[in-house]
Amino acid sequence: MVNHSIPASTARDGVLDSSGRVPAPDLARGFMLLAIAFAHAPLFVLTLDRGNPVANGVINVFHNLFVNNHARPLFAFLFGYSLVQLLNRRMERGDDWVTTRRLLRRRGWWLVGIGFVHMAVLAPIDILAAYGLSAVLLVGLLRAKDATLLWTAGIGLVPATALAGFATWYPMAHDNSPYGAGSIAAGADGAWALLAERLQVWPFALVTGVLMVVPGVLVGVWAARRRLLDEPDRHRRYLRNAAIVTLSLSVIGALPAGLVQLGVWAEPPAGALWFAALAQPLTGYAGGIGMAAVIALIAIPAGRRPNRFTTAIQALGRRSMSLYLFQSVVFVLVFYPYGLALQDDLGLAGATGVAAATWAVSVALAELMRRAGYRGPAEILLRRLAYR
């Protein structure tokens, strides 16, 4: 196993921040929450074409090129990366592989439990349970050969792309609405009706969620072995080239679906429609990884010359689970009937604005927690449960 401890020279090179942590993973998790907020908020809205049509059109283009099917791969990549970081920390402290593997699986099962509660109490867009179960299932691959990791990720791309492609194809083929419109909006249902529906759907959603994140998790494990985010200065050229190639590929792959949803490509043949629906999620995996590469490049000057903004984003990344749950609280209060009931009043642009504002508040809350020396409620809970 490669020794992933941080060489002393990296501190002198400015890779570490003032707290002794490498900034890139935390920065990436902080920006990841913005991508997740952009992806999730429109799902609460019943009619995405409410409001200014020009603003909705511009935001729709933005979502198609940079949000849809990009937020999930970014999260998956960072989750896989974090598994290797956790493994290395435990091994460096003297734990053996069996003890560490048991700990990671126990942590994964508790993530499943927290995700279940999140789904039942707040909103059925939970991603914690899927990542927790993927950790339970994939932890044995943390010591597999690189070829095994990449082959498994490649094979996993087949069902992952098929599932995401169907979710993209269905609205385009039926009503040409933007992807995910109103998919978890409450309508006129009360809390108990919503809970009953979620309990029926959750097992299926959990299985499909795991299938869709496996490729990104395994690529994240591969990247963590090479310390691409831990030592971005050493990998600067590789990260720059990877960002250019992957982001270009993701934009090109998202264009066909974007043209259909905007009505520019009217009534495409069935085969072309399926091609557009599959190309967007397939290349979206590249886009999510490309976003991580861009943030790693940003982390190079941020680690050497930290400022208030990057420090706050890092604080958000360290408390990503707590502030992810905070997003759901805000969206339920803003959109659902037993909150402000704005699910039928805000279009795509309005929902995206709510997402951006929620993320900004999350950054402020994370910075306050950092200054108070407070880890974050969800992080503290998971640590107590998993580490006993």
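Just so we're clear, the structure is a prediction, and the values are computed from it rather than from any experiment.

Reading the values: rules and limits
- Residues numbered from 1 in each chain as written.
- Predicted model: local features only at pLDDT ≥ 70, side-chain atom pairs only at ≥ 80, totals over all residues.
- Heavy atoms only, no water.
- Helix = DSSP H or I, 4+ residues; strand = E, 2+ residues; numbered from the N terminus.
- Buried < 20%, exposed > 50% of the residue type's maximum accessible area, 1.4 Å probe, protein only.
- UniProt positions renumbered as here; feature names shortened; annotations may be inferred.
- Patch = residues over 30% accessible without salt bridge, like charges linked within 9 Å, V, L, I, M, F, W, Y side chains within 5 Å.
- Areas by Shrake-Rupley, 256 points an atom, 1.4 Å probe, with all protein chains shown as cover.
- Salt bridge = Lys/Arg side-chain N within 4 Å of Asp/Glu carboxyl O.
- Core = buried A, V, L, I, M, F, W, Y, C linked by side-chain atoms within 4.5 Å.
- Lys, Arg positive; Asp, Glu negative; His and termini not counted.
- Charge placed at Lys NZ, Arg CZ, Asp CG, Glu CD.

Caption draft 1: Molecular detail of the environment of Gly-350. Residue placement: Gly-350 occurs in helix 13 (residues 348–372). What makes Gly-350 partly exposed here is its relative accessible area of 26%. Between the alpha carbons of Gly-350 and Leu-259 there is a distance of 22 Å; along the sequence they are 91 residues apart.

Caption draft 2: How the structure looks around the UniProt feature "domain: DUF418" (unreviewed entry) in the chain. The positions UniProt marks with the feature "domain: DUF418" (unreviewed entry) are residues 223–388. Measuring from the first to the last C-alpha atom of residues 223–388 gives 30 Å, for a span that is 77% helix and 0% strand.

Caption draft 3: Quick look at a nonpolar patch on the surface. Taken together, the side chains of Val-61, Leu-259, Leu-262, Val-264 and Trp-265 present a nonpolar region at the surface, about 390 Å² in accessible area. Inspection of the secondary structure assignment puts Val-264 in the loop between helix 9 (236–261) and helix 10 (270–304).

Caption draft 4: The arrangement of the nonpolar core in detail. By size, the foremost hydrophobic cluster in this structure holds 100 residues, and its most contacted members are Leu-142, Phe-331 and Phe-335. Considering each element in turn, this core owes the most residues, 13 residues, to helix 8 (residues 191–225).

Caption draft 5: Up close: a positive patch on the surface. On the surface, Arg-89, Arg-93, Arg-375 and Arg-383 cluster together into a positively charged patch. Inspection of the secondary structure assignment puts Arg-375 in the loop between helix 13 and helix 14 (377–387). Residue classification places Arg-375 among the partly exposed residues on the basis of a relative accessible area of 43%.

Caption draft 6: Fine view of the pattern of salt bridges. Scanning all chains against the criterion turns up 13 salt bridges. For Asp-344, the salt bridge goes to Arg-50, with nearest N and O atoms at 3.6 Å. Here Arg-50 lies in the loop between helix 2 (23–40) and helix 3 (53–66) and Asp-344 lies in the loop between helix 12 (320–335) and helix 13, a separation of 294 residues in the sequence. By relative accessible area, Asp-344 is classed as partly exposed at 31%. Judged by relative accessible area, which is 35%, Arg-50 ranks as partly exposed. The salt bridge partner of Arg-227 is Asp-230, with a shortest N-O separation of 4.0 Å. We note that Arg-227, like Asp-230, is buried. The network of salt bridges with common partners includes Arg-227, Asp-230, Glu-231 and Arg-234.

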